[in-house]
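# Close look at the chain arrangement
Residue strings, one per chain:
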Amino acid sequence: MIVTLIVACEIAFWVVLAAGLALRYGARKPRLGAAVLLCEPVLELVLLVVTVIDLKNGAEPDWKHGLAAVYIGFTVGLGHSTITWVDARVAHRFAGGPPPVKPPKYGRERAVYEWRTAARWCAAAVTALVLLQAAVWYVGGDGDVSSLRSWQRTMLWVIGINLLIAGSYTLFPKREPADRDKERSPSAR
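The structure presented is a predicted model; accordingly, all values stated were derived computationally and were not measured.

## Some points on the layout of surface pockets
Approximately 550 Å³ is the volume found for the largest pocket. Ser81, Trp85, Val101, Tyr113 and Arg120 are the residues nearest the centre of the largest pocket, which is lined by 18 residues in total. For the lining of the largest pocket, the elements supplying multiple residues, two or more each, are helix H4 (63-95) and helix H5 (107-139). Its residues assigned to classes, the lining of the largest pocket shows 9 nonpolar, 4 polar and 5 charged. Roughly 220 Å³ of volume is contained in the second largest pocket. Taken together, Phe13, Leu37, Leu38, Glu40, Pro41, Glu44, Thr75, Val76, Gly79, His80, Ile83 and Thr84 make up the lining of the second largest pocket. Where the lining of the second largest pocket is concerned, the elements lending two or more residues are helix H3 (40-56) and H4. Looking at the lining of the second largest pocket, the element that brings in the most residues is H4, giving 6 residues.

Written out as structure tokens, the structure reads:
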């Protein structure tokens, strides 16, 4: 049941997003579209409540409960940026908005961009870690929490990898290639 609900929440996320953007740009009702988009957190709340009820009713904690915590964490950490990303593209494509801003490619600007991205992923992973730890405490010493602990280790890997990527852009910034016209000698022109 938990896996089915996670899939339903993911589908509902995209349906609510599409409905909100359709109202915002298609029907020209930006406030109503924003109100629909604000319903997104209700999906995660439903998933959280159902997961807690499942554990309370004596379900043995397993990978599905961990996946629910991870899904909620990733929606908290990445949901807003995903909505913003899609909104910019829909506004450009269907409402004459400006073209979406492309991420910087080089130097300090790229490093800052990577740190912001890492911060979102780390927020997602930390939220999942907190929910997983709450589930461990909720189950207590009587239940087998090894699957929840496994998800926690995975979230620590997610944090580490994102910090490593962002750090690499800081320590080894990608340099803008030299202009081809400058590279060629005057006789080669």
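## Topic: the packing of helix H1 (residues 2-26) against helix H2 (residues 30-37)
H2 packs onto H1 with a crossing angle of 170° between their chain directions and a minimal axis gap of 7 Å. Compared by their axis directions, H1 and H2 come out roughly antiparallel. Between H1, through Val16, Leu17, Ala19, Gly20, Leu21, Leu23 and Arg24, and H2, the contact on the second element is made entirely by Pro30, Leu32, Gly33, Ala34, Val36 and Leu37.

## A word on the packing of aromatic side chains
This model, assessed by the stated rule, comprises 2 aromatic pairs. Ring geometry for Phe13 against Trp14: centres 5.1 Å apart, planes inclined by 85°, an arrangement best described as edge-to-face. Measuring from ring centre to ring centre gives 5.4 Å for Phe74 and Trp121, while their planes differ by 75°; the resulting arrangement is edge-to-face. Of the two residues, Phe74 sits in helix H4 while Trp121 sits in helix H5, which places them 47 residues apart along the sequence. Here Trp121 falls in the partly exposed class, since its relative accessible area comes to 31%.

What counts, and at which threshold
Residues numbered from 1 in each chain as written. Predicted model: local features only at pLDDT ≥ 70, side-chain atom pairs only at ≥ 80, totals over all residues. Heavy atoms only, no water. 1 Å grid on protein atoms, 1.4 Å probe; cavity = no way out; pocket = protein on both sides within 12 Å on 5 of 7 lines; lining within 4 Å. Points joined across faces, edges and corners; volume = space filled by probe spheres on them. Helix = DSSP H or I, 4+ residues; strand = E, 2+ residues; numbered from the N terminus. Nonpolar A, V, L, I, M, F, W, Y, C, P; charged D, E, K, R; others polar. Axes fitted to C-alpha atoms, helices over the stretch in contact; angles between N-to-C directions. Parallel < 35°, antiparallel > 145°, perpendicular 65-115°, else oblique. Contact = heavy atoms within 4.5 Å. Phe/Tyr/Trp six-rings, centres within 6.5 Å; stacked < 30°, edge-to-face > 60°. Buried < 20%, exposed > 50% of the residue type's maximum accessible area, 1.4 Å probe, protein only.

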